[in-house]
Amino acid sequence: MLSDITFGQFYPGRSFVHRLDPRTKILGTLIFVSAIFLAENYLAYLSLIGFTAATVASSRLPVRLIVRAFRPLLPILFITLAIHLFMTPGEVLGQMWFLTVTYEGLRLGVLMSLRLILLIVMSSMLTYTTSPIVLTDGIERLLRPFRRFGVPAHEIAMMMTIALRFIPTLLEETDKIIKAQTARGADFTSGHLFRRARNMVPLLVPLFVSAFRRADELATAMEARCYRGGESRTRLRELKFCWEDGFAAAAMLALVAILSILRFAAPGFPGTA
Amino acid sequence: MSIVLEKVSYTYMPGTPYERVALRDVSLTVERGETVGIIGHTGSGKTTLVQHMNGLIRPTSGRVTVDGVDPAGKGELAKAARLKIGMVFQYPEHQLFEETVYEDVAFGPRNMGLPEEEVERRVRRALSFVGLDFQQFSRRSPLRLSGGQMRRVAIAGVIAMEPEFLVLDEPSASLDWRGREEIFREILGLHATTGIGIILVSHNMDDIVRLAKRVVVMHQGSLIADGDIREIFSRQGKQNELLERAGVEPPRVTRLMAALSRAGLEVEKTALTIDEAVEAIVRAVGRRRLA
């Protein structure tokens, strides 16, 4: 039942993108997401598309994975397109019932949807090619400079790691308790809302009890190994930048430079609104 | 009254990279009142096998029937079939949730829609089977008992539904020696009094010997042996190798008898329990004195 849900979307591999340092990927994704909003004309969008396509190609992920990333967001894409299509005033292209399609609306709708698509693809590239543990390592390292302002970098990363680690365990536990209570005649699927909520009690109480028990056991185990937080702790996997990271950073810089030039130095380019 | 599995196969998460075959073509019939032990390594498919018996999982292929009814089906008949099989999961104490022991044991019977007097009768009876005093325990919180007591309450919760078969998945896991002894004595008592069928899943042969007359051996999702427990351990040669490969060791008593006979004492090697072993050794020593 529940164990059929695979958590996280990490897709193991050894491609160029997989090998990048998580810090490069996190920062790169952030920069790309902001850079999308620099784009105003067709050439800028073209370079964004080119960059995204190159990243996807070098990650060697199956295309169906990328497509799957869209599926939950399709309604949002559709609504974005529709709102822009029908709500933007301008040169009328056609009329349908009470809906008016304008040239400006079409252009804006397509570009907005394109922005969303690029956003989804690039951020899913991050989670597809980086395992959750490596991702939290990267976040911890990136947050470290903020420690002097009181940001508990190590603790945040440790909490994320533990939470991720226990999601499959808790899913398994949930599955087991559902089965056990079903065998005792419990019904989790029928009845109206209030009744269904009350029927969840035999599932939720044991689940909470076991989550607390596990937390307690884990705390004891960590204490028994003299865990003291991040102070002077060494790690099993040291994060290291290598030539791939340099290459990725250069490519990202080039993209930002192109977008900035197109926006600020050559404003009259075709496609600018 | 019987549970019949015909050529049952089960695959976890088919069509994904995590696909795993848990059962391959398992056929098995358990008759009313039988005591069956299911033994095998971790991951041999024991738990998956018994979860088919009350429709918690549907076979990927093959057929499961309880008295001719598919327990995973819809409708009243299927529901009645499911209620004939009482399932005690691994670490059943993790499923306790009510405020009092009484309420928790009553959960199953109430879900069956029984009148309150009948529910109370069943709770009293179930608690006495697992050796918990009604006066002393019924008002206490099940979450504040000792591990062994919590497990008893959970087992009582299944017994109170008065199923015709009791399936126990590793009921003695992480209990101490005394806790094991008590649980098994109680289950045997229940079987003797009510004639309930017992299906015991375990990787420990010593536990199985105590409760079961028949043993089913699982290995990598396949059923590799099924028969009378004494007959299975008297098997020689190829059959025996097969059991060893499945990681099935004879009970400790049987191994002791084999060692004694190798050491020159002429004992019958069929003993499975400590009592039988004592008798056999006494007889053998007696014969030696006479000689």
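Nothing here was measured: the structure is a model prediction, and the numbers come from that model. (Residues numbered from 1 in each chain as written. Chains lettered and ligands numbered in written order. Predicted model: local features only at pLDDT ≥ 70, side-chain atom pairs only at ≥ 80, totals over all residues. Heavy atoms only, no water.)

## Here's the deal with the overall build of chain A
Put simply, the test is: In this text, helices come from DSSP runs of H or I with a minimum length of four residues, and strands from runs of E with a minimum of two, each type numbered from the N-terminal end. Here the globule rule reads 2.2 Å times residues to the power 0.38, and the radius of gyration is calculated from C-alpha atoms. Think of it in three bands: with a 1.4 Å probe and only protein chains considered, a residue is buried below 20% of the maximum accessible area for its type, exposed above 50%, and partly exposed in between. We call two residues in contact whenever any of their non-hydrogen atoms come within 4.5 Å of each other. To be clear on the numbers: accessible area is Shrake-Rupley with a 1.4 Å probe, and residue cover counts the displayed protein chains and nothing else. Think of it this way: Lys and Arg go in the positive column, Asp and Glu in the negative one, and His and the chain ends go nowhere. Where a charge lies is defined by one atom per residue type, namely NZ (Lys), CZ (Arg), CG (Asp) and CD (Glu).
Along its length, chain A carries 11 helices and 2 strands. When its helices and strands are written in sequence order, chain A yields α-α-α-α-α-β-β-α-α-α-α-α-α. Taken against the 2.2 N^0.38 rule, which gives 19 Å for 273 residues, the C-alpha radius of gyration of chain A at 24 Å runs more than 25% over that of a compact globule. Considering only C-alpha atoms, chain A reaches an extent of 65 × 55 × 40 Å along its principal axes. Residues classed as buried in chain A amount to 34% of the 273 residues present. Partitioning the contacts of chain A with sequence separation of at least 6, the portion at a separation of at least 24 is 76%. With an accessible surface of roughly 16,500 Å², chain A has 70% of that area assigned to carbon and sulfur atoms. Both charge centroids of chain A, one from 30 positive and one from 19 negative side chains, sit 3 Å from each other.

## Side note on the nonpolar core
All names here are of chain B. Threshold: Throughout, nonpolar core names a set of buried Ala, Val, Leu, Ile, Met, Phe, Trp, Tyr and Cys residues whose side chains join them through atoms within 4.5 Å.
Counting 50 residues, the largest nonpolar core has Val105 and Leu166 as the members making the most contacts within it. When residues of this core are assigned to their parent elements, the largest contribution, 7 residues, is made by helix α6 (residues 147–159). Core analysis: the second largest hydrophobic core is formed by 32 residues, Leu49, Met53, Ala81 and Ile199 among them.

## Considering the sheet that holds strand β2 (residues 20–31) of chain B
All names here are of chain B. So the rule is basically this: Strand pairing follows a simple DSSP-based rule, namely that at least 2 bridges must link the two strands. Orientation is described by lines fitted to C-alpha atoms, with helices fitted over the stretch in contact, and by angles between N-to-C directions that extend from 0 to 180 degrees.
Spatially, the 3 strands line up as an open sheet ordered β2-β1-β4, and their pairing is antiparallel. Two strands close off the open sheet at either side, each with one partner strand: β2 and β4 (61–66). Averaged over all neighbouring strand pairs, the angle between strand axes comes to 20 degrees, with direction disregarded.

## Here we look at the environment of Leu256(B)
All names here are of chain B. Examined against the element boundaries, Leu256 turns out to sit in helix α11 (residues 252–262). Owing to a relative accessible area of 45%, Leu256 belongs among the partly exposed residues under this scheme. Separated by 21 residues in sequence, Leu256 and Ala277 place their C-alpha atoms 8.8 Å apart.

## What to know about the packing of helix α2 (residues 22–36) of chain A against helix α7 (residues 132–143) of chain A
All names here are of chain A. The condition is simple: Each angle receives one of four descriptions, namely roughly parallel if under 35 degrees, roughly antiparallel if over 145, roughly perpendicular if within 65 to 115, and oblique otherwise. Under the scheme applied, nonpolar residues are Ala, Val, Leu, Ile, Met, Phe, Trp, Tyr, Cys and Pro; charged residues are Asp, Glu, Lys and Arg; polar residues are all the others, including Gly.
Put simply, α2 and α7 touch, their axes get as near as 8 Å, and they point 75 degrees apart. By the angle between their directions, the pair α2 and α7 is classed as roughly perpendicular. Here Pro22, Arg23, Ile26 and Leu27 of α2 come into contact with α7, specifically with Val134, Leu135, Gly138, Ile139, Arg141 and Leu142. Here the residues of the contact of α2 with α7 are counted per class, giving 7 nonpolar, 1 polar and 2 charged.

## Some remarks on the interface of chain A and chain B
Rules: Contacts described as polar in this section are N or O atom pairs within 3.5 Å, which, within protein, must combine one atom able to donate a hydrogen with one able to accept it, while residues neighboring in sequence count only if both atoms come from side chains.
On the side of chain B, 22 residues touch chain A, which itself brings 20 residues to the contact. Our count for the contact surface shared by chain A and chain B stands at 7 residue pairs in polar contact (both at pLDDT 80 or more). Elements with a minimum of two residues in the side of chain A that touches chain B: α8 (153–183) and α10 (201–224) of chain A. A per-element tally of the side of chain A that touches chain B places α8(A) first, with 8 residues.

## Digging into the side chain of Asp206(B)
Residue and element names in this part refer to chain B. One can find Asp206 in helix α8 (residues 205–211). Separated by 2.8 Å, the side chains of Asp206 and Arg252 make a polar contact. Leaving out residues up to four positions away in the same chain, Asp206 has contacts with Pro251 and Arg252.

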